[in-house]
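Remarks on the overall topology
Listed below, chain by chain, are the residues.
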Amino acid sequence: MSALPADFFGEIDPPQRLLMGPGPANVHPRVLRAMSADVLGQFDPEMTAYMNQTMALYRRVFMTENRWTFLIDGTARAGIEAALASLIEPGARVLILRAGRFGMLLSEIAERLDADIRVIDVEWGQIATLGQIEAGLAAHRPAVFAAIHGDTSTTTAQPLDGVGALCARYGALSYIDATATLGGMPVRTDEWGVDVVSGGLQKCMGGPPGCAPITISDRAAAFIFSRRKVESGIRRDDLADGARPAIRSNYFDLSMIMEYWSEKRLNHHTEATSMLYAARECARVMLQEGLDARFARHEAAGRAMVEGLRAMGLTVYGQDAYRMTNVTGVHIPDGVDGERVRRRMREEHQIEIGSAFGPLAGKIWRIGAMGYNAEPDKVRRTLAALRDVLDGA
Ligand SMILES: *Cc1c(COP(=O)(O)O)cnc(C)c1O
């Protein structure tokens, strides 16, 4: 065995970084305090009361009346995977709107579920029109339509008004990944009429990574329950007609997770207690601030970032009309080493900004102002540091 330091590496004592990348962002102190509360047994009435309160709080966060609004334990990707694994039957046709890295992730997950994948591919940084989405639905007649609300890889927000009604007209269930926008931009689940929406805490909710809030329409829940494994050892698809193939994941089987969050409290996993405390406090902070005030705060921070970057002579990436308010892409000037600037921002100013993926790698930085960090002073501090580093570059 190799030697370890006598104090076993010391207690965790991270530097005080200002996280102005595309997530995670710094966690609200109230959320950190909530997470340090003692753990309860999962069927303790105090704990199940916290679970029910969390469901009620997240209905407001997702702007929905959906009964099935709860938490998936795992990072935002766990919410995406639970939704897709539960909605997509083997061989089912799925239409995916891809306009960035997270759109690609949806098709990667759908592929593993043996879906018959069709895509609407739009150039990174662009949006699809309602007409394009309708044409895709009409041409492919998918069982499921899936898209990203704010794709942090491109800093672009896809408009979703009318999408749910279109999907319903063509007989498709709809799924939206709102990880990067939940808590920062309006996620209008019921108004959009979409069936399943999932998010995360570490972007605009002001929490740490590790929890994925999700909301599910009654229509989608009925479909998902129809895929419930009937008894142990017998899969629904081994049974006679009418039976639907069981969900091909135990951990991400939403029919079982919904039974756990229902009055039945059928044991599935052990709810991640400290993450539930975090999620509950994130929602309380958000609702106490007020949804409109919170979205306005993100918008003001995003606008200040865009204006500040332009005032420095930098070129902001993407289209103003479809920009996410909580993360801004900015072109790395010619001759500047983008990674060196990021390193100096971190080492000299204690500020993290983001790099980029795929076709944008090495071309843009992504600078966030999310959740607890969507504040004018943090935006100013970031802009001043970037100016300082670029002056010396
Ligand atoms: C950050 C992000 C994710 C992934 O979240 P994890 O918590 O890292 O799993 C998924 N979708 C979008 C749009 C994101 O911005």
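Residues numbered from 1 in each chain as written. Predicted model: local features only at pLDDT ≥ 70, side-chain atom pairs only at ≥ 80, totals over all residues. Heavy atoms only, no water.

1. Observations regarding the packing of aromatic side chains
For any two aromatic rings, the description comes down to two numbers: the centre-to-centre distance and the angle of the planes. Applying the stated criterion across every chain, the model contains five aromatic pairs. When the ring of phenylalanine 43 is compared with that of tyrosine 260, the centres are 6.3 Å apart and the planes differ by 85°; the resulting orientation is edge-to-face. One end of the pair, phenylalanine 43, is in the loop between helix 1 (29-35) and helix 2 (45-61); the other, tyrosine 260, is in helix 9 (residues 254-261), and 217 residues separate them in sequence. Owing to a relative accessible area of 42%, phenylalanine 43 belongs among the partly exposed residues under this scheme. Taking the centre distance of 5.8 Å and the plane angle of 35° together, the rings of phenylalanine 70 and tryptophan 261 count as tilted. With a gap of 191 residues between them, phenylalanine 70 in strand 2 (residues 68-73) and tryptophan 261 in helix 9 connect regions that are remote in the sequence. Across the pair, tryptophan 261 and phenylalanine 70 agree in class, each one buried. Over the ring of phenylalanine 357 we find arginine 101; its NZ or CZ atom is 4.0 Å from the centre of that ring. (Phe/Tyr/Trp six-rings, centres within 6.5 Å; stacked < 30°, edge-to-face > 60°. Helix = DSSP H or I, 4+ residues; strand = E, 2+ residues; numbered from the N terminus. Buried < 20%, exposed > 50% of the residue type's maximum accessible area, 1.4 Å probe, protein only. Lys NZ or Arg CZ within 6 Å of the ring centre and 35° of its normal.)

2. Points about empty space enclosed by the protein
According to the stated counting rule, one finds one cavity of 30 Å³ or more in the structure shown. Roughly 100 Å³ of internal volume is contained in the largest cavity. If you go around the largest cavity, you meet 14 residues; those closest to its centre are Ala99, Ile148, Asp151, Thr156 and Gln158. Listing elements by their share of the lining of the largest cavity, those giving two or more residues are strand 3 (93-98), strand 5 (144-148) and strand 7 (156-157). Taken together, the residues that form the lining of the largest cavity break down as six nonpolar, six polar and two charged. (1 Å grid on protein atoms, 1.4 Å probe; cavity = no way out; pocket = protein on both sides within 12 Å on 5 of 7 lines; lining within 4 Å. Points joined across faces, edges and corners; volume = space filled by probe spheres on them. Nonpolar A, V, L, I, M, F, W, Y, C, P; charged D, E, K, R; others polar.)

3. Notes on the site of the ligand
Surrounding the ligand, one finds 13 residues, the nearest of these being Thr75, Thr152, Asp177, Gln202 and Lys203. In the model, an oxygen atom of the ligand is placed 2.8 Å from a nitrogen or oxygen of the arginine 77 main chain. Here a nitrogen atom of the ligand sits 2.7 Å away from a polar atom, N or O, in the side chain of aspartate 177. Notes on the ligand: free accessible area 390 Å², of which the protein chains cover 88%. Spatially, the ligand is embedded in the second largest pocket. A per-element tally of the shell around the ligand places helix 3 (residues 76-87) first, with three residues. (Near = heavy atom within 4 Å. Polar contact = N/O pair within 3.5 Å; in protein donor to acceptor, adjacent residues only side chain to side chain. Areas by Shrake-Rupley, 256 points an atom, 1.4 Å probe, with all protein chains shown as cover. Sits in = over half its atoms within 2 Å of the grid points.)

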